[in-house]
Amino acid sequence: MAVMLPEGEDLNEWVAVNTVDFFNQINMLYGTITDFCTEESCPVIYEYHWADGTNIKKPIKCSAPKYIDYLMTWVQDQLDDETLFPSKIGVPFPKNFMSVAKTILKRLFRVYAHIYHQHFDPVIQLQEEAHLNTSFKHFIFFVQEFNLIDRRELAPLQELIEKLTSKDR
């Protein structure tokens, strides 16, 4: 399976590389439907409230596009932080790396959930369904392989997850 840790590979490095890849994929996928995701069409994003612990300490209720903008900006800031995601060979990952990666992946899942729940018709119109499903399936296999997202967090798409993964297990 393409998500398994390659022999001799460092787990943190493997999670980091895949986290960056998933961020880029979901950023691209969401970017194709931003015209459909507006303050008017998506006034809230489920029960999620945004807080990054730095700029916004107390969780705030916001529209889906605002939440996703906060989320993607926050993730990009984490990925650009050399102390969290070192790009130089031999520089160790911080002790809290796995915790940060889990938070990033949990939040990226919420973007997939929003696209599937609110914008699947435009995805079909744009003929992106196969790409979205393939990206999400890879994401789910990866987070399940390394237990990176709590099962309760996956509940909004549990039926789809079971459908996409049942024939491959």
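Residues numbered from 1 in each chain as written. Predicted model: local features only at pLDDT ≥ 70, side-chain atom pairs only at ≥ 80, totals over all residues. Heavy atoms only, no water.

S.K.: Please set out the overall build of the chain residue by residue, giving values where relevant.
M.R.: Counting secondary structure elements, the chain contains six helices and zero strands. If you list the helices and strands of the chain from N to C, you get α-α-α-α-α-α. The C-alpha radius of gyration computed for the chain amounts to 16 Å, which stays within 12% of the reference 15 Å derived for 169 residues, consistent with globular compactness. Taking the principal axes of the C-alpha coordinates as reference, the chain spans close to 45 × 45 × 25 Å. Pairs at least 24 residues apart make up 67% of the contacts formed inside the chain by residues separated by at least 6 positions. When the accessible surface of the chain is summed, it comes to about 9400 Å², and 52% of that surface belongs to carbon and sulfur atoms. Separation between the mean location of the 16 positive side-chain charges and that of the 24 negative ones in the chain comes to 8 Å. (Helix = DSSP H or I, 4+ residues; strand = E, 2+ residues; numbered from the N terminus. Rg over C-alpha atoms; globule rule 2.2 N^0.38 Å. Contact = heavy atoms within 4.5 Å. Areas by Shrake-Rupley, 256 points an atom, 1.4 Å probe, with all protein chains shown as cover. Lys, Arg positive; Asp, Glu negative; His and termini not counted. Charge placed at Lys NZ, Arg CZ, Asp CG, Glu CD.)

S.K.: Tell me about the packing of aromatic side chains, and name the residues and values.
M.R.: Here a ring pair, both rings aromatic, is described through the centre-centre distance and the interplanar angle of the planes. On inspection of all chains with the given rule, the structure shows eleven aromatic pairs. Ring geometry for Tyr112 against Phe139: centres 5.0 Å apart, planes inclined by 50°, an arrangement best described as tilted. Of this pair, Tyr112 sits in helix H3 (residues 97-118) while Phe139 sits in helix H5 (residues 129-145); the two residues are 27 residues apart in sequence, bridging distant segments of the chain. Each member of the pair, Tyr112 as well as Phe139, carries the same accessibility label: buried. Every member of this aromatic cluster is reached through a ring pair, and the members are Phe22, Phe109, Tyr112, Tyr116, Phe120, Phe136, Phe139, Phe142 and Phe146. Between the NZ or CZ atom of Lys66 and the centre of the ring of Tyr70, over which it lies, the distance is 5.6 Å. In this structure, Arg107 is placed above the aromatic ring of Trp74, and the distance from its NZ or CZ to the ring centre is 4.5 Å. (Phe/Tyr/Trp six-rings, centres within 6.5 Å; stacked < 30°, edge-to-face > 60°. Buried < 20%, exposed > 50% of the residue type's maximum accessible area, 1.4 Å probe, protein only. Lys NZ or Arg CZ within 6 Å of the ring centre and 35° of its normal.)

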